[in-house]
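Results of the structural survey
The lines below spell out each chain.
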Amino acid sequence: MSAPEAPALVTGAAEVLDTAQQSATPVRTTQAWPELSLEEAYATQAALLSRRRARGERAVGLKLGFTSEAKMRQMGVDELIVGRLTDAMQVADGGALALDALIHPRVEPEVAFLVGTDVDLANPALDLADSIVGVAAGLEIIDSRYDGFRFDLPRVVADNTSAARFVVGPWRGLDEVDLDDQAVTMRIDGEVVASGTTAAILGHPLRTLPRLAALGRRFGLQLPAGSVVLAGAATEAVALRPGTVSAEVAGLGAVEVSVVATAGERSKQ
Ligand code: 0L1
Ligand code: MG
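Remember, it's a predicted structure, so these values are computed and weren't measured experimentally.

**Observations concerning the sheet that holds strand β3 (residues 96–98)**
Strands sit in the order β3-β12-β11-β7-β8 across an open sheet of five strands; the sheet is mixed. Across the chains shown, the open sheet's two edge strands, defined by having one partner strand only, are β3 and β8 (191–197). Going from strand to strand, the sheet's axes swing by 20° on average, the running direction of each strand aside. When β3 meets strand β12 (residues 253–260), the two strands line up parallel, connected through three bridges. The residue bridging Leu 97 from the neighbouring strand is Val 259, located in β12.

Shown next, in the form of C-alpha cells:
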C-alpha cells in the first residue's frame, strides 16, 4: 500500500523550503503558507526528506535542537525539536565546506551519538542509551531558510530544524568517556569563539536520548543501525566564516572543518 498523499499545505511548504535551500535564497517567514500545526510541520519535514531522497540522498540520522538554555534563549523558543540528517549534509572530519551553497550559516559545537542496532522508536519501553555504541565531538552548521533566522516553532520544524551540514569527530566507546560537565570549546583559526560545557545539553548529553525517543514515537521517525544522533549544542551558534573551525569536548575529542568561500576554492584544496 502506498503512503497517503500529504495535504497541499504541507507539499507547498516543502516545495518553498526546498527551493530556498537549493538556491541558497531565503524566504520571508510568512511567505506561501499561513499557520502550520506541529504535526503539519513534521509532515513538511518528511516531505523535504522525500524530495532529497528523490535526488539520491540517504537518511543517516537525526538531530535534536534547542537542547540548551543558551539556544532556546538565542532563538526565543522553549521546546525541543528534532530534524533529519542526510549523507549530503555530512562533511568529513578535517574536510572542506563551501559557504556559497548556504544562506547565512551558523556553527555550533555538539555531542554526537552512534546508534549500533535498529531501534524501534515506537516502543514505549525503549531505553535508547542501550543502542548507543559510540560518542564523538561534532559540529553542526545550521542555515535557516527563513530571512534573518526569523521563525516560530512550527516553522523551524518544517524547515528541518535549520539542518544544513554536520561533521563528526572520531568515535569513542560510551564506556570509555565521561560526558558529565565537560568543557566544550569552539574555535575559528585558533581563536575561541564560543565555550560552554556538556552540562548545557539538558544537564548531560545522555538525557537527550529519552527525549529523542519520545519525539520519534510521536512523529513517526526512524532510527536504523548506523544512524548518527546530534544531541544538541553546548553553546550559542556563531556566524560561520572562512577559516578552520574546530570543536573540542574535554575527555572526548575534537573535530574540525575547513570553511572556504566558494566550491571552486574547495576543489583546489
Ligand atoms: O539547536 C538546533 O540545532 C536548532 C536549530 C534550529 C534553530 C536555529 O536555526 O537556530
Ligand atoms: Mg544543533
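**Considerations on the packing of helix α2 (residues 38–54) against helix α5 (residues 208–219)**
At their nearest, the axes of α2 and α5 sit 11 Å apart, and the two run at 90° to each other. On the basis of the axis angle, α2 is roughly perpendicular to α5. Contacts from Leu 38, Glu 39 and Tyr 42 in α2 reach Leu 215, Arg 218 and Phe 219 in α5. Class assignment of the residues belonging to the contact of α2 with α5 gives a composition of four nonpolar, no polar and two charged.

**Regarding the coordination of the magnesium ion (ligand 2)**
Under perfect tetrahedral coordination by four donors, a metal shows angles of 109.5 degrees; under perfect octahedral coordination by six donors, it shows angles of 90 or 180 degrees. For the magnesium ion (ligand 2), the protein coordination sphere consists of Glu 108 (OE), Glu 110 (OE) and Glu 140 (OE), at 2.0 to 2.1 Å. Every donor residue of the magnesium ion (ligand 2) comes from the same chain, spaced as E-x1-E-x29-E. Of this pair, Glu 108 sits in strand β4 (residues 106–115) while Glu 140 sits in strand β5 (residues 132–142), and the two are 32 residues apart along the sequence. For the pair Glu 108 and Glu 140, one class covers both residues: buried.

**Some points on α5**
Residues spaced three or four apart along an α-helix face the same direction, because each turn holds 3.6 residues. With 12 residues, α5 should cover 16 Å at 1.5 Å per step; its first-to-last C-alpha distance of 16 Å lies within 8% of that length. Every buried residue belonging to α5 is among Thr 208, Leu 209, Leu 212, Ala 213, Leu 215, Gly 216 and Phe 219, and all of these are buried. Looking down the long axis of α5, one finds its buried residues gathered within 165° of arc, a one-sided arrangement. If you follow the buried residues of α5, they end up packed against α2, β1 (59–65), β2 (81–86), β4, β5 and β9 (228–233).

**Here's the deal with the packing of aromatic side chains**
In the structure shown here, the tally under the stated rule is two aromatic pairs. When the ring of Tyr 42 is compared with that of Phe 219, the centres are 3.9 Å apart and the planes differ by 20°; the resulting orientation is stacked. Pair noted here: Tyr 42 is in helix α2 and Phe 219 is in helix α5, with a separation of 177 residues, a long-range link. Given a relative accessible area of 4%, Tyr 42 falls into the buried group. Taking the relative accessible area as the measure of exposure, Phe 219 reaches 13% and is therefore buried. For the pair Tyr 146 and Phe 151, a centre-to-centre distance of 6.3 Å together with 55° between the ring planes defines the contact as tilted. Accessibility classification places Tyr 146 together with Phe 151 in one group, the buried group. Over the aromatic face of Phe 149 sits the side chain of Arg 106, whose NZ or CZ is 3.7 Å from the ring centroid.

**Focus: empty space enclosed by the protein**
Tallying each qualifying case throughout the model produces four cavities of 30 Å³ or more. In this structure, the largest cavity occupies an estimated 120 Å³ of space. Along the wall of the largest cavity there are 18 residues; nearest its centre are Lys 63, Phe 66, Lys 71, Ile 142 and Thr 161. For the lining of the largest cavity, the secondary-structure elements that each account for two or more residues are β1, α3 (69–75), β4, β5 and β9. Sort the elements by how many residues they give to the lining of the largest cavity and β1 lands first, with three residues. Of the residues assigned to the lining of the largest cavity, the class counts are nine nonpolar, four polar and five charged. Its volume calculated, the second largest cavity comes out at about 70 Å³.

**Concerning the site of ligand 1**
Looking at ligand 1, there are 13 residues lining it, with Lys 63, Phe 66, Glu 108, Glu 140 and Ser 162 nearest. Residue Phe 66 places a main-chain N or O atom 3.1 Å away from an oxygen atom belonging to ligand 1. Separating an oxygen atom of ligand 1 from a side-chain N or O atom of Glu 140 is a distance of 3.0 Å. Relative to its unbound accessible surface of 300 Å², ligand 1 loses 100% to contact with the protein. Most atoms of ligand 1, that is more than half of them, are within 2 Å of grid points of the largest cavity. Elements supplying a minimum of two residues to the shell around ligand 1: β1, α3 and β5. Per-class residue counts for the shell around ligand 1 are six nonpolar, three polar and four charged.

What counts as what
- Residues numbered from 1 in each chain as written.
- Chains lettered and ligands numbered in written order.
- Predicted model: local features only at pLDDT ≥ 70, side-chain atom pairs only at ≥ 80, totals over all residues.
- Heavy atoms only, no water.
- Pairing = 2+ DSSP bridges.
- Helix = DSSP H or I, 4+ residues; strand = E, 2+ residues; numbered from the N terminus.
- Axes fitted to C-alpha atoms, helices over the stretch in contact; angles between N-to-C directions.
- Parallel < 35°, antiparallel > 145°, perpendicular 65-115°, else oblique.
- Contact = heavy atoms within 4.5 Å.
- Nonpolar A, V, L, I, M, F, W, Y, C, P; charged D, E, K, R; others polar.
- Donors = N, O, S within 2.8 Å, 3.2 Å for Na, K, Ca; no water.
- Buried < 20%, exposed > 50% of the residue type's maximum accessible area, 1.4 Å probe, protein only.
- Expected span 1.5 Å × (residues − 1).
- Arc of directions from axis to C-beta.
- Phe/Tyr/Trp six-rings, centres within 6.5 Å; stacked < 30°, edge-to-face > 60°.
- Lys NZ or Arg CZ within 6 Å of the ring centre and 35° of its normal.
- 1 Å grid on protein atoms, 1.4 Å probe; cavity = no way out; pocket = protein on both sides within 12 Å on 5 of 7 lines; lining within 4 Å.
- Points joined across faces, edges and corners; volume = space filled by probe spheres on them.
- Near = heavy atom within 4 Å.
- Polar contact = N/O pair within 3.5 Å; in protein donor to acceptor, adjacent residues only side chain to side chain.
- Areas by Shrake-Rupley, 256 points an atom, 1.4 Å probe, with all protein chains shown as cover.
- Sits in = over half its atoms within 2 Å of the grid points.

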